[in-house]
Amino acid sequence: MRALTWHGKHDVRMETVDDPEIINPRDAIIKVTSTAICGSDLHLYDGFIPTMKSGDVLGHEFMGEVVETGARSTLRKGQKVVVPFTISCGSCYFCQKHQYSCCDNSNPADNQDISEFGYGNRMAGLFGYSHMTGGYSGGQAEYVRVPYSDVGPIVVPDGIDDDKVLFLSDILPTGWMAAENADIEPGDTVAVWGCGPVGLFAIQSAMLMGANRIIAIDHFPHRLELAAKFGAETINFEDVKVYDALMEMTGGIGPDAVIDSVGLEAHGLFVDNVVDQIKVSTFLGTDRIHALRQVILACRKGGRVSVPAVYGGFVDKFPMGAFMEKGLTMKTGQTHVQHYTQALLAAILEDKVDTTFLISHRLPLENAPDGYKLFHDHQNETTKIVLKPGREKIQVEMPA
Ligand SMILES: NC(=O)c1ccc[n+]([C@@H]2O[C@H](COP(=O)([O-])OP(=O)(O)OC[C@H]3O[C@@H](n4cnc5c(N)ncnc54)[C@H](O)[C@@H]3O)[C@@H](O)[C@H]2O)c1
Ligand SMILES: [Zn+2]
Ligand SMILES: [Zn+2]
């Protein structure tokens, strides 16, 4: 089959690889009809996530048709399913608590990895996201093996457009959980850093949860425009000082809840960000946490910090004093996707949530390397790319 493979920093290729096969009775094989590129994929593309191997098949946001089932799969051939990026067994201590992204069974036990040393516990399995999350082949491919297919995939109604439901695989539940983790109360002002797909879905979710005001922060005008369409006030961090602007907008107290949807590759020519950049490039550090620092300093006393954004290592100059002295709380984590899919599918079918506004490009899977370059180099023009397997490669124009 054809699949997108990782070969190193900024080196992804379309290649012919072995077709997946059923290995365990609970597996199913999915023929991918749509798959998307995520901000998390950019962390792989930029070489920030350890334990990638040359030839790994990427992709964790995908959906398609069931073409093969193991003896204990509950799926049927021909069904259309969206697959959560988190691989979860459904029965371990964590899955029982609906903490699906903490599943203790989906990262093979014979695969002792650096997450056990670095994080104290092994991570759960994720599709197409390095060997410390199980080394599973991802869904930017024609076919994927889906383990625990009786737990994860959500069957969607026949005839529904892929574009409407594809984002149930990750970013819609991620934006929703980000807003839920902000414990929004009526009347709240919520500030959201990063207006990529995750931030934009967090904004939409926070609105639905009753936030009174939302303030969106980014530097790409087009992404800020999309945030404004959902009713957010906007701050372009290249034009004003974010902390000062937020204090002015909130009568000097700061937002009630803050959401970091930026992550370990913060942009911006700020002193701390430049220092982080030097440290990361000289292997003295792992993450650029400018947004996280700003989120904590700007949050009001007693406020809530939600971090859907990905961080990977041991961070430097984390404002622990401010975090403790201001009495903040923080919630974070890879999304417990399976916990949210049914309710969010219903919200989509009832037209309460809009998902298609986000898609800026639909490309053949064969153009996936162009897609990564677009999403990485031209974020103002590119908000979300959906890839379609089985179509011929086209000529892709890069923005000027
Ligand atoms: N928790 C999860 O399960 C989960 C799931 C999906 C994505 N993520 C993570 O969420 C983050 C966002 O994902 P995405 O797909 O929206 O990515 P993205 O790269 O498209 O968006 C990130 C946005 O942050 C903005 N940004 C950069 N520096 C900033 C700064 N200093 N201040 C304000 N904004 C800034 C960028 O301009 C960009 O628009 C990534 O870290 C991704 O890995 C986490
Ligand atoms: Zn994703
Ligand atoms: Zn489990």
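Please refer to the structure placed before this passage.
The model shown is predicted, which means the values in this text are computed figures rather than measured ones.

Undergrad: When you look at the coordination of the zinc ion (ligand 2) in this model, what are you seeing that I'm missing?
TA: Metal coordination angles have textbook ideals: 109.5 degrees for a tetrahedral set of four donors and 90 or 180 degrees for an octahedral set of six. At 1.8 to 2.3 Å from the zinc ion (ligand 2) lie its protein donor atoms, namely Cys38 (SG), His60 (NE2), Glu61 (OE) and Asp170 (OD). Seen from the zinc ion (ligand 2), its four donor atoms lie at angles of 87 to 130°, and the figure they make is tetrahedral. Considered as a linear motif, the donors of the zinc ion (ligand 2) on their single chain read C-x21-H-E-x108-D. Pair noted here: cysteine 38 is in the loop between β3 (28–37) and α1 (39–45) and aspartate 170 is in the loop between α4 (162–165) and α5 (171–181), with a separation of 132 residues, a long-range link. Residue aspartate 170 is classed as buried on the basis of its relative accessible area, which comes to 4%.

Undergrad: Looking at this structure, I do not really get the coordination of the zinc ion (ligand 3). What am I missing?
TA: Coordination of the zinc ion (ligand 3) by the protein is provided by Cys89 (SG), Cys92 (SG), Cys95 (SG) and Cys103 (SG), with metal-donor distances spanning 2.3 to 2.4 Å. Classification of the site at the zinc ion (ligand 3) rests on its four donor atoms, whose angles at the metal span 103 to 116°, yielding the label tetrahedral. Read from N- to C-terminus, the donor residues coordinating the zinc ion (ligand 3) fall into the pattern C-x2-C-x2-C-x7-C. In this structure cysteine 89 comes out as buried when scored by relative accessible area, which is 2%. By relative accessible area, cysteine 95 is classed as buried at 1%.

Undergrad: Hey, could you run me through the nonpolar core in this one?
TA: The nonpolar side chains of a soluble globular protein tend to be buried, and buried together. If you look at the biggest cluster of nonpolar residues, it comprises 46 residues, and the most contacted ones within it are Val165, Phe167 and Ile203. Counting only elements with at least two residues in this core, the list comes to α5, β11 (189–193), α6 (197–208), β12 (213–218), α7 (221–229), β14 (257–260) and α12 (337–349). Once you skip the residues sitting within four places of it in the chain, isoleucine 203 turns out to touch Val192, Cys195, Ile214, Ala216, Ala227, Phe230 and Ala232.

Undergrad: Hey, could you run me through a nonpolar patch on the surface in this one?
TA: A grouping of Leu269, Val274 and Ile278 is seen on the molecular surface, where their side chains present a nonpolar patch of about 330 Å² in accessible area. For leucine 269, the position within the fold is in the loop between β14 and α9 (271–281). Relative accessible area serves as the criterion here: at 83%, leucine 269 is assigned to the exposed category.

Undergrad: How should I be thinking about the sheet that holds strand β1 (residues 2–8) in this particular structure?
TA: Across a sheet, paired strands are connected by hydrogen bonds in the backbone, their directions being either parallel or antiparallel. Across the sheet, three strands lie side by side as β2-β1-β4; this open sheet has antiparallel pairing. Since the sheet does not close on itself, it has two edges, and those belong to β2 (11–16) and β4 (56–57), each with one partner. Relative to β4, β1 runs antiparallel, the two sharing two bridges. Directly across from threonine 5, in β4, lies its bridge partner valine 57. Its contacts with the sheet place helix α13 (residues 368–377) against β1 and β2, and it is angled at close to 160° to β2.

Undergrad: Any chance you could explain the pattern of salt bridges here in plain terms?
TA: Once the charged atoms of two side chains with opposite charge are near each other, the side chains can pair. All chains considered together, the criterion is met by 19 salt bridges. Across the pair aspartate 183 and lysine 331 runs a salt bridge whose closest N-O atoms are separated by 3.4 Å. Remark: lysine 331 occurs in strand β16 (residues 329–332) and aspartate 183 occurs in the loop between α5 and β11; sequence separation between them is 148 residues. In this structure, arginine 213 engages glutamate 233 in a salt bridge whose closest nitrogen and oxygen atoms are separated by 2.8 Å. Residue arginine 213 is located in strand β12, and its partner glutamate 233 is located in strand β13 (residues 233–236); the two are separated by 20 residues in the primary sequence. What makes arginine 213 partly exposed here is its relative accessible area of 23%. Residue glutamate 233 is classed as partly exposed on the basis of its relative accessible area of 29%. Three or more residues joined by partner-sharing salt bridges are found here, namely Lys80, Asp162 and Lys388.

Undergrad: I would appreciate a short explanation of the pairing of strand β6 (residues 80–83) in the present structure.
TA: When a strand is regular, its side chains alternate between the sheet's two faces. Judged from the four bridges that link them, strand β5 (residues 61–69) and β6 form a sheet pairing that is antiparallel. Its bridge partner being in β6, methionine 63 is matched across the sheet by valine 82. Across two bridges, β6 lies against strand β10 (residues 154–155) in antiparallel orientation. In the sheet register, valine 82 faces β10, and the bridge partner there is isoleucine 154.

Undergrad: In this structure, what is going on with the packing of α5 against α12? I would like to understand it.
TA: Two elements in contact, α5 and α12, have axes whose closest approach is 9 Å; the angle formed by their N-to-C orientations is 105°. One element, α5, and the other, α12, form an angle in the roughly perpendicular class. Judged by residue contacts, Leu172, Pro173, Trp176, Met177 and Glu180 of α5 engage Val337, Tyr340, Leu344 and Ile348 from α12. In the contact of α5 with α12, the residues fall into eight nonpolar, no polar and one charged.

Undergrad: Help me out: how do you make sense of the sheet that holds β12 in this one?
TA: Strand order in the open sheet formed by six strands is β13-β12-β11-β14-β15-β16, with parallel pairing between adjacent strands. Strands with a single pairing partner mark the edges of an open sheet, and in this sheet they are β13 and β16. Across this sheet, the average inter-strand angle for adjacent strands is 20°, counted without regard to direction. Alignment of β11 against β14, held across four bridges, turns out to be parallel.

Undergrad: For this particular structure, what's the right way to read the site of ligand 1?
TA: Taken together, 33 residues form the shell around ligand 1, and within it Ser40, His43, Asp218, His267 and Pro308 come nearest. A distance of 2.8 Å separates an oxygen atom of ligand 1 from a polar side-chain atom of histidine 43. Here an oxygen atom of ligand 1 sits 3.2 Å away from a polar atom, N or O, in the main chain of valine 310. Across the complex, the protein chains shield 98% of the 860 Å² of accessible surface that ligand 1 would expose by itself. At four residues, α1 tops the list of elements feeding residues into the shell around ligand 1. Within the shell around ligand 1, the residues separate by chemical class into 15 nonpolar, 15 polar and three charged.

Definitions and limits used
Residues numbered from 1 in each chain as written. Chains lettered and ligands numbered in written order. Predicted model: local features only at pLDDT ≥ 70, side-chain atom pairs only at ≥ 80, totals over all residues. Heavy atoms only, no water. Donors = N, O, S within 2.8 Å, 3.2 Å for Na, K, Ca; no water. Tetrahedral: all angles 85-135°; square planar, octahedral: opposite > 155°, others 65-115°. Helix = DSSP H or I, 4+ residues; strand = E, 2+ residues; numbered from the N terminus. Buried < 20%, exposed > 50% of the residue type's maximum accessible area, 1.4 Å probe, protein only. Core = buried A, V, L, I, M, F, W, Y, C linked by side-chain atoms within 4.5 Å. Contact = heavy atoms within 4.5 Å. Patch = residues over 30% accessible without salt bridge, like charges linked within 9 Å, V, L, I, M, F, W, Y side chains within 5 Å. Areas by Shrake-Rupley, 256 points an atom, 1.4 Å probe, with all protein chains shown as cover. Salt bridge = Lys/Arg side-chain N within 4 Å of Asp/Glu carboxyl O. Pairing = 2+ DSSP bridges. Axes fitted to C-alpha atoms, helices over the stretch in contact; angles between N-to-C directions. Parallel < 35°, antiparallel > 145°, perpendicular 65-115°, else oblique. Nonpolar A, V, L, I, M, F, W, Y, C, P; charged D, E, K, R; others polar. Near = heavy atom within 4 Å. Polar contact = N/O pair within 3.5 Å; in protein donor to acceptor, adjacent residues only side chain to side chain.

Purely spatial values, then, with no claim about function.
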